[in-house]
Amino acid sequence: MIGAVHVSDELVLKAFERAPVVMTRTMERYVGQAGQFLSREVKRELRHNGSMGFTTLMNSIRPERPFPLARDVKAGVQYARYVEEGTRPGYRGMPPRRPLAEWLRIKHGLTEREAYHRAFGLAKYIQAHGTKAKPFFKPAFDKNESRLLAMLREGAAEGVRAAIGVRGHYAMTGSVYGT
């Protein structure tokens with residue numbers, strides 16, 4: 001899952017032509033702050049939606065810098081998509097037993113052997129019935145999209161002021177949620 005933020009505005013682009021070092025430095029700081037903010041909000045949403053068994057998923061959520069002036073906030077574990085979107089009944093194969101056994105062991109105080117045996121039944125149940133979606137990424141993004149845009153606009157305005165001395169400009173910015 002990826003939440004991305006970007007900047008596209010004619011005056012901002014002209015400022016880049018005139019003073020790329022100043023504009024890049026200013027916007028890079030604000031884009032970084034927006035990425036950190038989105039990362040914190042996704043973690044907060046995950047904490048509040050009741051789907052967290054361990055902190056592995058939460059600790060894997062972080063912003064990455066794919067290229068200048070962009071941050072991708074990603075969940076770095078493979079099962080994040082299944083938590084976000086749920087699973088349909090009858091998908092091929094079974095979920096891995098080891099993580100289920102570890103969850104059962106900790107959640108219910110079972111021995112390692114008992115947890116591993118019960119994990120097989122849980123895996124069969126999940127295979128037959130699927131899992132409910134517990135979205136955490138999209139709700140966090142949707143709740144905070146206007147704040148992200150405001151952060152980028154503020155950075156663009158500061159960069160423009162620093163680069164060419166224009167006051168009161170609100171840059172066109174954008175953001176997108178996707179996989």
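So, here is what we can say about the structure in this document. (Residues numbered from 1 in each chain as written. Predicted model: local features only at pLDDT ≥ 70, side-chain atom pairs only at ≥ 80, totals over all residues. Heavy atoms only, no water.)

Of the regular secondary structure elements, the protein chain holds seven helices and four strands. Buried positions account for 40% of the 179 residues belonging to the protein chain. Across the protein chain, every contact between residues at least 6 apart in sequence was considered, and the portion connecting residues at least 24 apart equals 73%. Taken as a whole, the protein chain presents about 10700 Å² of accessible surface, with 53% of it coming from carbon and sulfur. (Helix = DSSP H or I, 4+ residues; strand = E, 2+ residues; numbered from the N terminus. Buried < 20%, exposed > 50% of the residue type's maximum accessible area, 1.4 Å probe, protein only. Contact = heavy atoms within 4.5 Å. Areas by Shrake-Rupley, 256 points an atom, 1.4 Å probe, with all protein chains shown as cover.)

What follows deals with the pattern of salt bridges. Applying the stated criterion across every chain, the model contains 10 salt bridges. With its nearest N and O atoms 2.8 Å apart, the salt bridge here joins Glu45 to Lys143. Pair noted here: Glu45 is in helix 2 (residues 20-48) and Lys143 is in helix 7 (residues 137-164), with a separation of 98 residues, a long-range link. Between Asp142 and Lys138 there is a salt bridge; the shortest N-O distance is 3.0 Å. Residue Asp142 and its partner Lys138 are both found in helix 7; the two are separated by four residues, about one turn of the helix. Using a relative accessible area of 38% as the deciding quantity, one classes Lys138 as partly exposed. Here the salt bridges do not stand alone but share partners, grouping Glu28, Arg65 and Arg71 into one network. (Salt bridge = Lys/Arg side-chain N within 4 Å of Asp/Glu carboxyl O.)

What follows concerns the nonpolar core. Core analysis: the biggest nonpolar cluster contains 25 residues, and Val42, Leu57, Ile61 and Phe136 have the highest contact counts within it. When residues of this core are traced back to their parent elements, those giving at least two are helix 2, helix 3 (56-60), strand 3 (72-75), helix 4 (80-85) and helix 7. Once residues lying within four places of it in the same chain are set aside, the contact partners of Ile61 are Ser39, Val42, Lys43, Leu46, Val73, Lys74, Ala75 and Phe136. (Core = buried A, V, L, I, M, F, W, Y, C linked by side-chain atoms within 4.5 Å.)

Here we come to the environment of Arg18. Structurally, the position occupied by Arg18 is in helix 1 (residues 10-18). When the C-alpha positions of Arg18 and Ile164 are compared, they lie 7.6 Å apart, and in sequence the two are 146 residues distant.

Bringing the side chain of Thr26 into the picture now. For Thr26, the position within the fold is in helix 2. Given the relative accessible area of 6%, Thr26 is considered buried. Those residues in contact with Thr26, other than ones at most four positions away along the chain, are Gly155, Glu158 and Gly159.

On to unusual backbone geometry, then. At Leu69, a residue that is not glycine, the phi angle is positive and equals roughly 65 degrees. Relative to the helices and strands, Leu69 is located in the loop between strand 2 (61-64) and strand 3.

Our focus in this paragraph is the environment of Arg47. Following the sequence through the fold, Arg47 ends up in helix 2. Note on Arg47: relative accessible area 45%, which makes it partly exposed. Not counting chain neighbours up to four residues away, the residues in contact with Arg47 comprise Met52 and Met58.

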